[in-house]
Amino acid sequence: MSEYERSRTLPAQPEHVFDQAANVAQLDSWLPDALHVHVEDPPAVTVHEDRSGEDMPALLRAEPDQMRLEWGTREQGGYTGWLQVAGIGSGASEVTVHLSFFDESHDPGERAVGDALDGSLRRLEQQVRMRVDNAAG
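Given the structure is predicted, the values throughout are model-derived calculations rather than measurements.

> I tried to follow the pattern of salt bridges on my own but got confused; where do I start?
All chains considered together, the criterion is met by five salt bridges. Across the pair R8 and E125 runs a salt bridge whose closest N-O atoms are separated by 2.6 Å. Here the residue R8 occupies a position in strand β1 (residues 2-10), and E125 occupies one in helix α2 (residues 110-136), the gap between them amounting to 117 residues. Residue R8 is classed as partly exposed on the basis of its relative accessible area, which comes to 30%. For E125, a relative accessible area of 9% corresponds to the buried category. Notably, a salt bridge pairs R131 with D19, separated by 3.7 Å at the nearest N-O pair. Taken together, the residues R131 in helix α2 and D19 in helix α1 (residues 14-22) connect sequence positions 112 residues apart.

Written out as structure tokens, the structure is:
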């Protein structure tokens, strides 16, 4: 089993960050470029991976009261993950993303996963900034 985790501080209220992260209509705006989520009958979703060309049945659950998203494969049990948003005061938030790969064939490796997590958190921050700036402006 391989586990990876990344965190990023965002200059926004935790509720704004979680609302953006949990917006299923805009998941593709911050997820890794090679992953696309198609919502079926929540919590059921299908994840399309460009690298393999495969569609994988998965689950995606939002826990707004805990500001947490959880996901994972439905049938194979190849991977799971979560995103947690926490307020850190002064209108800032910390977002942590954690991935666990139970099947090595699903694990793209430490560098690829690290780059994907860093890129996803950067894109999420951009989405949150646009939302906050539009609300203020």
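> I keep staring at the nonpolar core and nothing clicks. Help me out?
For soluble globular proteins, the rule of thumb is that nonpolar side chains tend to be buried together. In terms of nonpolar packing, the biggest core is built from 29 residues, with V17, W30, L69, L83, V85, V95 and L124 touching the most fellow members. Where this core is concerned, the elements lending two or more residues are β1, α1, β3 (44-49), β4 (54-63), β6 (79-89), β7 (92-101) and α2. The element that contributes the greatest number of residues to this core is α2, accounting for five residues.

> Got a minute to help me understand the sheet that holds β6 in this structure?
Pairing within the open sheet is antiparallel, and its seven strands lie in the order β1-β7-β6-β5-β4-β3-β2. The outermost strands of the open sheet, each flanked by one partner alone, are β1 and β2 (35-39). Ignoring strand direction, the axes of neighbouring strands in this sheet form an average angle of 25 degrees. Where β4 lies against strand β5 (residues 68-73), six bridges are found, and the strand directions are antiparallel. Residue pairing across strands places E63 opposite R68, the latter belonging to β5. Against the sheet, α1 engages β1, β4, β5, β6 and β7, with an angle of about 160 degrees to β6.

> So what exactly am I meant to see when it comes to unusual backbone geometry here?
A negative phi angle characterises most non-glycine residues, just as the trans form characterises most peptide bonds. Here the amide bond leading from P42 into P43 is cis, since omega sits at 15 degrees, within 30 degrees of zero. Within the fold, P43 resides in the loop between β2 and β3. The backbone of M67 sits at a positive phi, close to 50 degrees, despite the residue not being glycine. Inspection of the secondary structure puts M67 in the loop between β4 and β5. M67 gets classed as buried once you look at its relative accessible area, which sits at 18%. At S90, a residue that is not glycine, the phi angle is positive and equals roughly 55 degrees. Looking at the element boundaries, S90 is found in the loop between β6 and β7. A relative accessible area of 86% places S90 in the exposed class.

> Looking at this structure, how should I read the pairing of β6?
Remember that side chains alternate between the two faces of the sheet whenever the strand is regular. Direction of pairing for β5 relative to β6: antiparallel, over a ladder of five bridges. Within the sheet, the bridge partner assigned to W71 lies in β6 and is G81. Alignment of β6 against β7, held across 10 bridges, turns out to be antiparallel. Within β7, the position partnered with Q84 by the bridge is T96.

Thresholds, definitions, all that
- Residues numbered from 1 in each chain as written.
- Predicted model: local features only at pLDDT ≥ 70, side-chain atom pairs only at ≥ 80, totals over all residues.
- Heavy atoms only, no water.
- Salt bridge = Lys/Arg side-chain N within 4 Å of Asp/Glu carboxyl O.
- Helix = DSSP H or I, 4+ residues; strand = E, 2+ residues; numbered from the N terminus.
- Buried < 20%, exposed > 50% of the residue type's maximum accessible area, 1.4 Å probe, protein only.
- Core = buried A, V, L, I, M, F, W, Y, C linked by side-chain atoms within 4.5 Å.
- Pairing = 2+ DSSP bridges.
- Axes fitted to C-alpha atoms, helices over the stretch in contact; angles between N-to-C directions.
- Contact = heavy atoms within 4.5 Å.

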